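Here's the letter readout for the chains.
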Amino acid sequence: MSRKEEKALSRQEKKALKKKSKRKQKKASGGKEYVVVAYTFVVIFLSLIGYMVYFNVKLSEEFLNSPYNKRQSSYEERVVRGDIMASGGEILAQTETDEEGNEYRTYPYNNLFAHVVGYTSNGNSGLESTENYHLLTSHAGAVEQVTNEFKEEKNMGDTIVTTLDVRLQQVAYDALGGYNGAVVVMEPDTGKVLAMVSKPDFDPNTLSSIWDELVSDDSNTNLLNRATQGLYPPGSTFKIVTTLAYLRSGERLSDFSFDCQGEVTNGGYTIHCYNNNVHGHEDFAAAFAKSCNSAFAQIGVDLGRGTFAQTAEDVLFNKKLPIEIPYSKGKFTLDGSTPDALAMQTAIGQGNTVTSPMHMAMITAAVANGGNLMEPYFVDRIENYTGASVKKYSPSVYERLMTSEEAQTIKELMEGVVQSGTASMLSGQSYTAAGKTGTAEHGDMSGSPHAWFVGFSNVDNPDIVVSVIAESSGTGSDVAVPIAKQIFDAYYN
């Protein structure tokens with residue numbers, strides 16, 4: 001074979017080898033593509049399984065409780081809506097049947113638990129809404145359920161046993177009297193809500209007959225749960241938050257000194273102490289106990305705006321609250337461009353700051369509980385209709401709102417309010433107490449202010465937190481503190 005022929009053959013062999021190599025590469029590439037596709041489908045499949053598990057564990061009750069869920073009607077066709085009970089076993093809501101076999105809901109305590117227990121006519125509200133899934137779920141015995149299915153009879157829904165205390169609820173309701181407003185009573189170390197009152201109220205037994213009248217009047221707010229949905233300027237109760245911001249600014253309370261002349265002016269705006277009282281020379285404890293607006297307005301000017309805003313958010317202003325029933329977020333607006341006038345107003349709980357009685361109860365509970373906010377809850381356990389246990393709820397920490405040292409400092413300041421300040425009516429009782437009063441201007445400030453009080457009892461090992469607001473009623477000392485005192489007295493006596 002000639003050299004020329006050898007070269008030609010060599011070229012042909014090289015081409016063949018290249019083609020073979022390309023085929024192998026293509027085959028390998030195709031194999032990798034199949035692997036990628038296979039892995040993609042596996043990931044999608046596992047993601048779907050994961051979401052289904054998450055939905056069943058976390059979201060199913062929320063979805064089933066939604067008033068837009070049409071499946072609820074199918075539950076009602078098969079299950080008699082269960083009872084709602086107080087912590088002592090008293091019936092708060094139950095299903096009865098008329099002579100024609102029609103089911104209807106009754107509320108033995110009429111207006112007393114109207115907002116927190118809620119209603120089922122014209123939609124659902126309160127616990128009737130948040131616990132709808134459980135109330136329409138039956139854990140009756142398996143044999144009984146099968147038997148009822150064959151007989152085409154309904155099974156009995158589960159019973160919701162709440163944390164609510166009938167006696168404290170009645171005392172809080174009576175103590176609020178004819179004032180519009182709200183009262184919240186809760187345990188700081190567990191988060192159990194023992195009482196929740198809102199006025200004006202309504203009778204859920206007769207709600208259907210007056211529904212059109214209520215909703216057609218834009219000025220009517222009877223259906224509003226003021227305890228969680230009402231937004232009010234917090235007045236001097238907000239000085240708890242201002243104090244926390246002051247502590248976080250690096251200042252020491254022992255170094256604080258202020259000479260109160262009854263008013264203070266910054267940026268051409270003047271803040272007055274209540275009734276233009278002149279408090280004279282004050283340390284921080286005295287300024288807090290006497291609720292000196294001048295001292296705290298000056299603190300608001302001197303505080304770094306960023307520190308103040310961050311502190312407010314740390315205690316859940318502008319954030320979601322850990323409660324299931326409908327609520328309104330507390331609002332706080334302060335930044336580097338905020339003028340001194342608004343900073344002063346903000347520091348004393350006026351300006352653009354608004355919050356709910358429930359939110360202030362949570363902040364106070366964190367102070368009482370060494371800085372930890374326990375997640376507030378209304379349901380202690382779920383039972384089937386015979387009383388057998390289905391589910392038990394336990395206390396859990398929601399978030400640490402402040403350090404234990406910060407909480408202890410504020411607790412001691414709140415003790416001073418009772419011992420020598422604006423809540424002295426609570427001193428000398430069979431129990432110890434700590435608190436903060438508030439007198440909040442609102443609207444065009446021509447009418448009477450809102451009266452506030454937040455506080456707790458048995459200071460060394462707090463038992464209950466009480467949050468009170470009485471709308472357009474006067475001062476916190478004159479109106480809100482006596483309301484709180486009736487609740488503390490009832491708890492211990």
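Quick caveat, the model's predicted, so the values are computed rather than measured. (Residues numbered from 1 in each chain as written. Predicted model: local features only at pLDDT ≥ 70, side-chain atom pairs only at ≥ 80, totals over all residues. Heavy atoms only, no water.)

(A) Looking closely at the pattern of salt bridges. A full pass over the atoms with the stated rule returns 14 salt bridges. E406 serves as the salt-bridge partner of R248, at 3.1 Å between the closest nitrogen and oxygen. On the criterion of sequence distance, the pair formed by R248 in helix α10 (residues 239–248) and E406 in helix α16 (residues 404–420) is long-range, its members being 158 residues apart. E406 gets classed as buried once you look at its relative accessible area, which sits at 13%. (Salt bridge = Lys/Arg side-chain N within 4 Å of Asp/Glu carboxyl O. Helix = DSSP H or I, 4+ residues; strand = E, 2+ residues; numbered from the N terminus. Buried < 20%, exposed > 50% of the residue type's maximum accessible area, 1.4 Å probe, protein only.)

(B) A look at the packing of α10 against helix α12 (residues 293–302). Two elements in contact, α10 and α12, have axes separated by 11 Å at closest approach and are oriented at 45°. Considering their axes alone, α10 and α12 lie oblique with respect to each other. Like other packed secondary-structure pairs, α10 and α12 cross with a definite hand, here left-handed. On the side of α10, the interface is formed by K239, T242, T243 and Y246, while α12 contributes N293, F296 and I299. Considered class by class, the residues forming the contact of α10 with α12 number three nonpolar, three polar and one charged. (Axes fitted to C-alpha atoms, helices over the stretch in contact; angles between N-to-C directions. Parallel < 35°, antiparallel > 145°, perpendicular 65-115°, else oblique. Left-handed = near helix turned anticlockwise from the far one by under 90°. Contact = heavy atoms within 4.5 Å. Nonpolar A, V, L, I, M, F, W, Y, C, P; charged D, E, K, R; others polar.)

(C) Geometry of the sheet that holds strand β4 (residues 103–106). An order of β4-β3-β2-β6-β14-β15 is seen for the six strands of this open sheet, with the pairing classed as mixed. At either end of the open sheet lies a strand with only one pairing partner, and these are β4 and β15 (389–392). Taken together, the four bridges between strand β3 (residues 91–97) and β4 define a ladder with antiparallel strand orientation. Of the residues in β4, the one forming a bridge with Q94 is T106. (Pairing = 2+ DSSP bridges.)

(D) Main features of the pairing of strand β10 (residues 263–266). Because side chains alternate across β10, one face comprises the buried residues V264 and N266, and the other comprises E263 and T265, none of which is buried. Looking at chain direction, β10 and strand β11 (residues 269–272) are connected through four bridges and run antiparallel. Its bridge partner being in β11, V264 is matched across the sheet by I271. Adjacent in sequence and paired antiparallel, β10 and β11 are bridged by two residues, among which G267 carries a positive phi angle near 60°.

(E) Main features of the nonpolar core. One finds V117, V183, V185, M196 and L426 to be the most contacted residues of the largest nonpolar core, which totals 121 residues. With nine residues, helix α15 (residues 357–368) is the largest single contributor of residues to this core. Other than its neighbours up to four places away in sequence, L426 contacts V418, Y431, A433, F453, V481, K485 and F488. (Core = buried A, V, L, I, M, F, W, Y, C linked by side-chain atoms within 4.5 Å.)

(F) How the structure looks around the sheet that holds strand β19 (residues 465–470). Reading across the sheet, the five strands line up as β8-β7-β19-β18-β17 and stay open at both edges, with antiparallel pairing between neighbours. One side of each edge strand has no neighbouring strand; the edge strands of this open sheet are β8 (193–199) and β17 (433–440). On average, adjacent strands in this sheet sit at an angle of 5° to one another, irrespective of strand direction. Relative to β8, strand β7 (residues 181–186) runs antiparallel, the two being bridged by six bridges. Bridge pairing links V184 to M196 in β8. Of the strands in this sheet, β17 and β18 (450–457) touch α16, which is tilted by about 75° from β17. Relative to the sheet, helix α17 (residues 476–492) contacts β7, β8, β17, β18 and β19, its axis offset from that of β18 by approximately 35°.

(G) Spotlight on the packing of helix α7 (residues 166–176) against α17. With their axes 9 Å apart at the nearest point, α7 and α17 run at an angle of 155° to one another. The orientation of α7 relative to α17 falls into the category roughly antiparallel. Relative to α17, α7 is oriented so that their crossing is right-handed. Of α17, the residues touching α7 (which contributes R167, L168, V171, A172, A175 and L176) are I483, Q486, I487, A490 and Y491. Looking at the contact of α7 with α17 residue by residue, the class counts come to nine nonpolar, one polar and one charged.

(H) Representation of the packing of aromatic side chains. Counted under the stated rule, the structure contains 17 aromatic pairs. Ring centres of Y246 and F284 lie 5.1 Å apart, and the angle between their planes is 35°; on these two criteria the pair is classed as tilted. Taken as a pair, Y246 in helix α10 and F284 in helix α11 (residues 284–289) lie far apart in primary sequence, 38 residues in all. By the burial criterion, Y246 is buried, and F284 matches it. An aromatic cluster is present here, built from Y246, F256, F284, F288 and F296 joined pairwise through their rings. Above the face of the Y173 ring, K199 is positioned so that its terminal group lies 3.9 Å from the ring centre. Looking at K436, its charged tip hangs above the ring of F288, at a distance of 5.7 Å from the centre. (Phe/Tyr/Trp six-rings, centres within 6.5 Å; stacked < 30°, edge-to-face > 60°. Lys NZ or Arg CZ within 6 Å of the ring centre and 35° of its normal.)

(I) Inspection of a nonpolar patch on the surface at higher detail. Where nonpolar side chains cluster on the molecular surface, the patch consists of V42, F45, L46 and I49 and spans about 380 Å² of accessible area. Inspection of the secondary structure puts V42 in helix α1 (residues 3–65). (Patch = residues over 30% accessible without salt bridge, like charges linked within 9 Å, V, L, I, M, F, W, Y side chains within 5 Å. Areas by Shrake-Rupley, 256 points an atom, 1.4 Å probe, with all protein chains shown as cover.)

(J) The arrangement of unusual backbone geometry in detail. Following K199, the chain continues to P200 via a peptide bond in cis, the omega torsion being 5°. Tracing the backbone through its elements, the reader meets P200 in the loop between β8 and α8 (207–216). For L316, which is not glycine, the phi dihedral falls at a positive 80°. Position of L316 among the secondary structure elements: in the loop between α13 (305–314) and α14 (340–347).

(K) Fine view of α13. Among the residues of α13, those classed as buried are R305, F308, A309, T311 and A312. On an axial view of α13, the arc spanned by its buried residues comes to 160°, and they lie on one face. Looking at the buried positions of α13, the neighbouring elements they touch are α10, α12 and α14. One or two steps after α13, the chain reaches L316, where phi turns positive at roughly 80°. (Arc of directions from axis to C-beta.)

(L) Focus on the pairing of β19. Within β19, six of the six residues are buried, which leaves it mostly tucked inside the rest of the structure. Here β19 shows no split at all, with V465, S467 and I469 on one side and V466, V468 and A470 on the other all buried. Where β7 lies against β19, six bridges are found, and the strand directions are antiparallel. Note on β19: the bridge partner recorded for A182 is I469. By the bridge criterion, six bridges tie β18 to β19 in an arrangement that is antiparallel. Looking at the pairing, F453 lines up with V468 of β19.

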